[in-house]
Each structure stands twice: as structure tokens, then as C-alpha cells.
Amino acid sequence: MDELQELYQQIVLEHYRNPRNYGELPEATHRAEGYNPLCGDRLEVMLRVREGAIEEIRFRGSGCAISQASASVMTTLVRGKSLAEAEELFERFHELVTGTGAVDLEQLGILAAFAGVREFPARVKCATLAWHTLRAALQQRQEPVTTE
Ligand code: FES
């Protein structure tokens, strides 16, 4: 098994089985709903933003292992970050799963577990669902965001 497959096994499956920050967030200041039109799965992201930073975050919804693990990992990464840092992480993740450049495992840290999805366009939507929903929540968009 190569290094990326091993990471996938460890991180994606572990976060899918034990999702972090799953559930309702009381006193959320921002929330958005995301929708993957390919499969119909929906995800909700709730945030409590204070003084320009993400103080607390939760997600809920249903979906495949990749979408749920990606949501779980996303919440652990952006919690405590400034809005600009969260946007930067969105860009980094998006480039990782849609780009063609080399994957720098050390620089990516836990995100590298999702590098393999770039080979599978349908899976890219699963992996990015939570991130698009995060961005919609930060932009306070009212209508559900899709992965299209
Ligand atoms: Fe629905 Fe992956 S199959 S989000």
C-alpha cells in the first residue's frame, strides 16, 4: 500500500466512523446548507464567528464516507482560525482535489488524505461538499449551495 492509500485508510475511515464536531450548534451566527446534485446528499454547516474568527463549528447531514470525513476534517482545521485563514484552507483543499500539480504531503498534513480523489471527478464533489458549504456559510448565503 502506498503512502497516500495508507493515509486515506487511516484518516478518511477514522473520521467517517468517529466524526468530529457533528451536531447542532446553539447560537450559531452563520449557517448554510450544501447539496450534492449527483447523489442528493445534503450537509449543513453551522459556525459561531466572533471577532473575525471561527470560534465554534458543527456540521450535520448524511453522505458517503468521503463527504462525512471531509466535513469532519474541515471542522477540525478551521476551528479557531480567522476568516482569511479559513478561506486560504478552502483554496488549498480545492487545489489539492481539482489540481494537477504535485502533492506535497508534508505541507498538506491531514489534507493529503484526500489527494486521491482528484482521479475521480464524482468523488471530488463528495470531498468538496463541506468546504463549499463552509464558504457559503461564511458568505451568509441564504439559498443552498451545490457542488456544481
Ligand atoms: Fe453523496 Fe458522496 S455520494 S456526497
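Now for a quick tour of the structure. (Residues numbered from 1 in each chain as written. Predicted model: local features only at pLDDT ≥ 70, side-chain atom pairs only at ≥ 80, totals over all residues. Heavy atoms only, no water.)

Some words on the packing of aromatic side chains
In this structure the tally under the stated criterion is 3 aromatic pairs. Between Phe93 and Phe114, the ring centres sit 5.6 Å apart and the planes meet at 75°, which makes this aromatic pair edge-to-face. In this pair, Phe93 sits in helix H3 (residues 83-98) while Phe114 sits in the loop between helix H4 (105-108) and helix H5 (121-138), placing the two residues 21 residues apart along the sequence. Taking relative accessible area as the criterion, Phe114 reaches 1% and is therefore assigned buried. Residues Phe93 and Trp131 carry aromatic rings whose centres are separated by 5.1 Å and whose planes lie at 15° to one another, so their mutual orientation is stacked. Residue Phe93 is found in helix H3, and its partner Trp131 is found in helix H5; the two are separated by 38 residues along the sequence. For the pair Phe93 and Trp131, a shared accessibility class is recorded, and that class is buried. (Phe/Tyr/Trp six-rings, centres within 6.5 Å; stacked < 30°, edge-to-face > 60°. Helix = DSSP H or I, 4+ residues; strand = E, 2+ residues; numbered from the N terminus. Buried < 20%, exposed > 50% of the residue type's maximum accessible area, 1.4 Å probe, protein only.)

Focus on the environment of Ala115
Relative to the elements of secondary structure, Ala115 occurs in the loop between H4 and H5. Counting along the chain gives 13 residues from Ala115 to Ala102, while the straight-line C-alpha distance between them is 9.9 Å. Once residues within four sequence positions are removed from consideration, Ala115 is found in contact with Leu4, Leu96 and Val103. (Contact = heavy atoms within 4.5 Å.)

Some words on helix H2 (residues 65-78)
With 14 residues, H2 should reach 20 Å at 1.5 Å per residue; the first-to-last C-alpha distance of 20 Å fits that figure. Among the 14 residues in H2, 13 count as buried, and that is most of the element. Phi turns positive one or two residues past the end of H2, at Gly80, with a value near 85°. (Expected span 1.5 Å × (residues − 1).)

As for the sheet that holds strand S3 (residues 53-61)
Hydrogen bonding along the main chain pairs the strands of a sheet, whether they run parallel or antiparallel. Across the sheet, which stays open at both edges, the 4 strands sit in the order S3-S2-S1-S4 with mixed pairing between neighbours. Edge positions in the sheet fall to S3 and strand S4 (145-146), since each has one partner strand and no second. Summarising the sheet, strand S1 (residues 30-35) and S4 pair through 2 bridges and their orientation is parallel. Directly across from Tyr35, in S4, lies its bridge partner Thr146. Contacts from H2 reach strand S2 (42-50) and S3, with the element oriented near 165° to S3. Where H5 meets the sheet, it contacts S1, S2, S3 and S4, and its direction lies at approximately 45° from that of S2. (Pairing = 2+ DSSP bridges. Axes fitted to C-alpha atoms, helices over the stretch in contact; angles between N-to-C directions.)

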